[in-house]
Amino acid sequence: MRVYREIYSLLTPGQRRSFIMLIAVMMIMAVLDVLGVASVLPFLAVVADPSTLEGEGFLASAYDQLGFETRSDFLQVLGLAVFVIVTGSIGFKAVGFYVMTRFNRETIQSLAITLLERYLAQPYEWFLQRNSSEIGKSILSEAAFVVNQAVAPAFRIIAHGLATVMLCVLLLMLEPLGALLAASIIGGAFAVIYLRVRRSLKRLGKARIRQTEARFQITQEAMLGIKEVKLLGLEKAYADRFAMPSRRLAQKQAKIQMIGDLPRYALEAIVFGGMILFVLYLLYTNNGRIETAIPILGTFAFAGLRLMPMTQALFKDVATLSAGAPAVSSLAEDLETLPRAKENEGIERLRLNDSLELRGLSYTYPEAKVPALDGIDLRIDSRQSIGIVGQTGAGKTTLVDVVLGLLKPTEGEIVVDGAVIGATNRRAWQFSIGYVPQTIFLVDDSIAANIAFSNGNREADDARIREAARLACLDEFIEQQPEGFDTMVGERGIKLSGGQRQRIGIARALYNDPDLVVFDEATSALDPLTEKAVMDAISALKGQKTVIVITHRLSTVRNCDRILMMEQGRISEEGSFDELASRPGRFRDLLQVT
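These remarks concern the structure in this document.

Calculation rules
Residues numbered from 1 in each chain as written. Predicted model: local features only at pLDDT ≥ 70, side-chain atom pairs only at ≥ 80, totals over all residues. Heavy atoms only, no water. Buried < 20%, exposed > 50% of the residue type's maximum accessible area, 1.4 Å probe, protein only. Helix = DSSP H or I, 4+ residues; strand = E, 2+ residues; numbered from the N terminus. 1 Å grid on protein atoms, 1.4 Å probe; cavity = no way out; pocket = protein on both sides within 12 Å on 5 of 7 lines; lining within 4 Å. Points joined across faces, edges and corners; volume = space filled by probe spheres on them. Nonpolar A, V, L, I, M, F, W, Y, C, P; charged D, E, K, R; others polar. Pairing = 2+ DSSP bridges. Patch = residues over 30% accessible without salt bridge, like charges linked within 9 Å, V, L, I, M, F, W, Y side chains within 5 Å. Areas by Shrake-Rupley, 256 points an atom, 1.4 Å probe, with all protein chains shown as cover. Salt bridge = Lys/Arg side-chain N within 4 Å of Asp/Glu carboxyl O. Lys, Arg positive; Asp, Glu negative; His and termini not counted. Charge placed at Lys NZ, Arg CZ, Asp CG, Glu CD.

This part takes up helix H12 (residues 396-403). Here H12 lies mainly inside the structure; seven of its eight residues are buried. Trailing H12 by a residue or two, glycine 405 shows a phi angle of about 85 degrees, which is positive.

Okay, empty space enclosed by the protein next. On inspection of all chains with the given rule, the structure shows three cavities of 30 Å³ or more. Breaking the lining of the largest cavity down by element, the ones donating at least two residues are helix H18 (528-539) and strand S8 (546-551). For the lining of the largest cavity, the element with the most residues is H18, which contributes three residues. When grouped by side-chain class, the residues that make up the lining of the largest cavity number six nonpolar, four polar and one charged. Looking at the second largest cavity, its volume works out to about 50 Å³. Every residue along the wall of the second largest cavity is listed here: Leu358, Leu378, Ile380, Ile388, Leu399, Val400, Val403, Val518 and Ile548. Contributions of two or more residues to the lining of the second largest cavity are made by strand S2 (373-381) and H12. Looking at the lining of the second largest cavity residue by residue, the classes come out as nine nonpolar, no polar and no charged.

For a regular strand, side-chain orientation follows a simple rule: the groups alternate between the two sheet faces. For strand S3 (residues 385-389), the buried fraction is high: five of the five residues fall into the buried class. Judged by which residues are buried, S3 turns out to be covered on both faces: Ser385, Gly387 and Val389 on one side and Ile386 and Ile388 on the other are all buried. In this structure, S3 lies alongside S8, joined through five bridges in parallel fashion. Residue pairing in the sheet places valine 389 in a bridge with threonine 551 of S8. Where S3 meets strand S9 (residues 562-567), four bridges bridge the pair, whose relative direction is parallel. Its bridge partner lying in S9, isoleucine 386 is registered against arginine 562.

To continue, consider a positive patch on the surface. Taken together, the side chains of Arg199, Lys202, Lys206 and Arg210 present a region of like positive charge at the surface. Relative to the helices and strands, lysine 206 is located in helix H8 (residues 176-224).

The next thing to look at is unusual backbone geometry. Not every positive phi belongs to a glycine, and arginine 383 is a case in point at roughly 65 degrees. Considering the arrangement of structural elements, one finds arginine 383 in the loop between S2 and S3. Look at glutamine 568: it is not a glycine, yet its phi comes out positive at around 50 degrees. Within the fold, glutamine 568 resides in the loop between S9 and strand S10 (570-575). According to the relative accessible area criterion, glutamine 568 is exposed, its value standing at 66%.

Structure, rendered in structure tokens:
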């Protein structure tokens with residue numbers, strides 16, 4: 001029952017209502033299955049002994065009251081009625097399974113969308129502790145696997161289980177001892193086999209998750225590092241790495257399928273032998289009169305035709321569900337523990353009109369022993385340009401991530417125009433920030449779409465796109481393109497140069513007219529000429545925006561109003577470029593080296 005509770009927890013309120021309705025449909029399917037089998041009994045009774053119509057009972061009463069002239073006519077109508085009932089139950093079952101299949105397909109998409117929404121709603125720190133291939137696997141693979149290998153089997157178990165139980169009840173009413181023996185032998189065989197393989201199925205299910213994660217991780221690494229893979233000739237190495245978990249995954253899936261099919265062969269032998277013994281038993285209890293045994297024997301045979309594939313499918317679905325249970329638990333845990341995304345509509349910006357203050361700011365990464373930031377006190381006036389320099393590991397990027405609201409301070413606070421930044425106004429503060437990273441993320445779309453990337457699904461503002469491009473010194477390049485702003489940039493901007501990508505990143509940061517613009521190593525990967533062009537775009541913002549420039553190149557911050565030198569998570573020096581260059585300290589030492 002635990003796995004059913006977890007499956008139920010994965011569904012939306014609307015899907016839960018559909019789930020309950022489908023159970024009702026499955027109950028009707030089970031009743032129709034029983035009616036189909038039960039309808040065979042009177043037909044076979046008349047076929048075996050036509051004199052049944054002359055005595056007392058339901059069949060004789062129907063024969064007389066309906067005014068049939070011959071037994072043959074009655075038998076034809078009775079046979080037609082049986083045919084209609086049986087085909088009707090089969091037709092309803094087909095419709096029922098179609099509805100279930102449609103529900104399953106829709107659930108795959110809904111579950112994938114829900115997972116993506118929940119994952120994207122998590123704080124930035126959460127992503128630092130999770131492997132991106134694990135997240136991708138859950139959205140693109142596990143959602144479909146959970147539905148196909150858990151939700152669908154769970155539905156079929158209910159459908160087949162209800163039909164099996166109701167057919168067994170019918171057979172018990174007809175011939176209690178024979179039905180009880182058959183149910184005990186067949187049910188016992190299934191139970192023994194399942195109890196022997198249950199742990200193996202769960203172990204195989206967990207192993208399948210590990211191999212799927214490995215395949216996603218290797219694929220992601222190869223695609224993201226395709227340039228290095230091609231240059232170093234690692235194509236075969238990555239293919240070989242991918243082949244190992246792929247083979248293991250195939251082995252696990254084959255074992256799960258084999259276990260699901262395991263009882264079929266043993267069951268066929270048991271049923272064949274059981275039918276022979278049952279015929280002998282009926283002949284014995286009916287004093288060797290075959291005509292009185294035929295109705296019950298025929299009903300049992302017809303029921304057996306329905307029960308054989310049904311019980312085999314039931315066992316296979318139970319085995320499949322057991323193997324899929326670990327994946328269900330994993331996704332259910334994610335959806336239960338991860339908070340939902342919050343709506344951004346109606347949130348007004350928290351404007352930076354006066355100052356940005358960091359008071360006693362410290363931050364320690366999860367599981368780290370040494371703080372990345374340690375007691376930072378800083379005031380940045382509005383429209384001031386600040387340069388933050390230091391060697392790798394000094395805490396520059398961590399400081400910016402805290403200012404951006406991506407990381408929550410371990411100690412201290414961020415204050416914007418007197419308002420302390422917290423959970424209630426963090427998004428409002430982020431709406432006033434433009435961010436330009438070292439590596440610009442570009443989507444495979446037009447220049448205009450990439451500049452207006454922050455617009456999401458809303459319609460872009462052409463005037464703002466053009467103004468942002470002008471401020472980023474991108475307008476001249478765009479005018480040279482035949483398609484202008486509609487020029488496609490290619491996957492990850494592969495059709496553009498490094499400087500062009502950076503300037504699109506600057507234009508994107510300026511599109512929403514932010515109060516604070518942060519450049520995080522935005523020019524570190526550029527050649528001197530391209531860097532100068534990008535720095536010209538940054539310098540044009542001086543006095544118009546509050547600007548923070550993070551870099552390890554000292555020349556990049558020469559024109560900043562103030563420069564902060566960071567070492568081991570602290571601000572060790574502060575002043576203008578000329579002030580820091582003229583007095584002894586780490587800044588001057590680095591300047592002399594460069």
